[in-house]
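Chain residues, written in single-letter form:
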Amino acid sequence: MNNSNSFEKKILIFTFTVIPVVLLLTFSYYPLIKMIQYSFTDWNGYRPTSNFVGIKNYQTILTNPKYFTVFKTSLYYFVASFFQLGFALLFATILSFNIKFSNFWKGILFFPYLLNGVAIGFIFLYFYKGGGTLDTILGLIGLGSQSRLWLGDRTINNISLAFTSVWRYTGFNFLIFLGAIQSVNPEIYEAAEIDGASRWDQFKYIIIPSIKKIVFLNIILSVSGSLSVFDIPYIMTGGANGTTTFVIETINTAFKFNKVGLASAMAVILLIIVLAVTLFQRKFTGEKG
């Protein structure tokens, strides 16, 4: 009987170990290897054969402004990410204390992150539409009497898209900050209150030092996210009027212009940049392993 149970246990462990590994190799590492392989060819995506071109694709990306300078669009999302983190940390700090309807406000803040990117894109399309919701609100409070091209004007369209990204992802950062803040021993807050520490003092001397690594982690995640923005600008503008991001340019290169080899090289470069940022984060925060 014991031998039978032991055999079943080994089979169960083997199954739950092998299946995830097989899935990971099949759907993650094998496509990654093929992508790297394609990046050294001129494959167009449907031709059965391809020619080896060496590092020509990488040279094209690094020397042709059309491909690499689209990273400047990421600066809007990079700057917006700090507003996003600021709002998230502010709300997480406020809601970590005892206030009325705290669970309700937590739900309100986290709800946008639960929405599908396509749905958010269409919501804000109507929000920014000329003479639409935003213009109506500005008109009611006396800040604007005529509609603006929030997504068509090159001076503000990327700012509008970056704000949409802030609205969507603030809830995610808020949840991480809130969990980190609430993991601090409550007795520390109680001792601080007894000593007469204000909320600001608690934030400055207890909360920030306790969640410093979480703050750095969220910053790195935001930087990585700003480099790989795709769904919101693609849905709302299609990358028009200077809103093209590096990922959108990669997608267009592969499927619109049938340059899968070149697009694969672009994806590899983005992967290297994200990995470099991640390694920098691990080094900067002193993480081991």
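## Remarks on the packing of helix H4 (residues 74-96) against helix H8 (residues 157-182)
So, point 1. Orientation of H4 relative to H8, taken along the N-to-C sense of each, is 40 degrees, at an axis distance of 7 Å. Crossing angle aside, the handedness with which H4 passes H8 is right-handed.
So, point 2. Partitioning the contact of H4 with H8 into residue classes produces 19 nonpolar, 7 polar and no charged.

## Some remarks on the pattern of salt bridges
So, point 1. This model, assessed by the stated rule, comprises 3 salt bridges.
So, point 2. A salt bridge links aspartate 231 to arginine 168, with the shortest nitrogen-to-oxygen separation between them at 2.4 Å. One end of the pair, aspartate 231, is in helix H12 (residues 231-236); the other, arginine 168, is in helix H8, with 63 residues separating them in the sequence.
So, point 3. We note a salt bridge from arginine 199 to glutamate 193, for which the minimum N-O separation is 3.3 Å.

## Some words on the confidence of the model for the protein
So, point 1. Residues at a pLDDT of 70 or more form 95% of the protein, whose mean pLDDT is 86.
So, point 2. Of all helices and strands in the protein, the one with the weakest mean pLDDT is helix H7 (residues 133-140) (80), whereas H8 scores best (92).

## Points about the environment of threonine 253
So, point 1. Relative to the helices and strands, threonine 253 is located in helix H13 (residues 246-256).
So, point 2. In this structure, the C-alpha to C-alpha distance between threonine 253 and alanine 263, residues 10 residues apart in sequence, is 5.6 Å.
So, point 3. Non-local contacts of threonine 253, meaning those with residues more than four positions away in its chain, are made with Tyr67, Asn258, Lys259, Leu262, Ala263 and Met266.

## Observations concerning the side chain of threonine 243
So, point 1. Mapping threonine 243 onto the fold places it in the loop between H12 and H13.
So, point 2. What makes threonine 243 buried here is its relative accessible area of 0%.
So, point 3. With residues near it in sequence (within four places) discarded, threonine 243 still touches Thr73, Asn157, Asn158, Leu161, Pro233, Thr237 and Ile248.

## A closer look at the nonpolar core
So, point 1. Residues Ala92, Phe174, Phe177, Ile181, Tyr189, Ile207 and Ile211 are the most contacted members of the largest nonpolar core, which totals 19 residues.
So, point 2. Core analysis: the second largest hydrophobic core is formed by 17 residues, Tyr58, Leu262, Val268 and Ile269 among them.

Criteria and cut-off values
- Residues numbered from 1 in each chain as written.
- Predicted model: local features only at pLDDT ≥ 70, side-chain atom pairs only at ≥ 80, totals over all residues.
- Heavy atoms only, no water.
- Axes fitted to C-alpha atoms, helices over the stretch in contact; angles between N-to-C directions.
- Helix = DSSP H or I, 4+ residues; strand = E, 2+ residues; numbered from the N terminus.
- Left-handed = near helix turned anticlockwise from the far one by under 90°.
- Nonpolar A, V, L, I, M, F, W, Y, C, P; charged D, E, K, R; others polar.
- Salt bridge = Lys/Arg side-chain N within 4 Å of Asp/Glu carboxyl O.
- pLDDT = per-residue confidence, 0-100.
- Contact = heavy atoms within 4.5 Å.
- Buried < 20%, exposed > 50% of the residue type's maximum accessible area, 1.4 Å probe, protein only.
- Core = buried A, V, L, I, M, F, W, Y, C linked by side-chain atoms within 4.5 Å.

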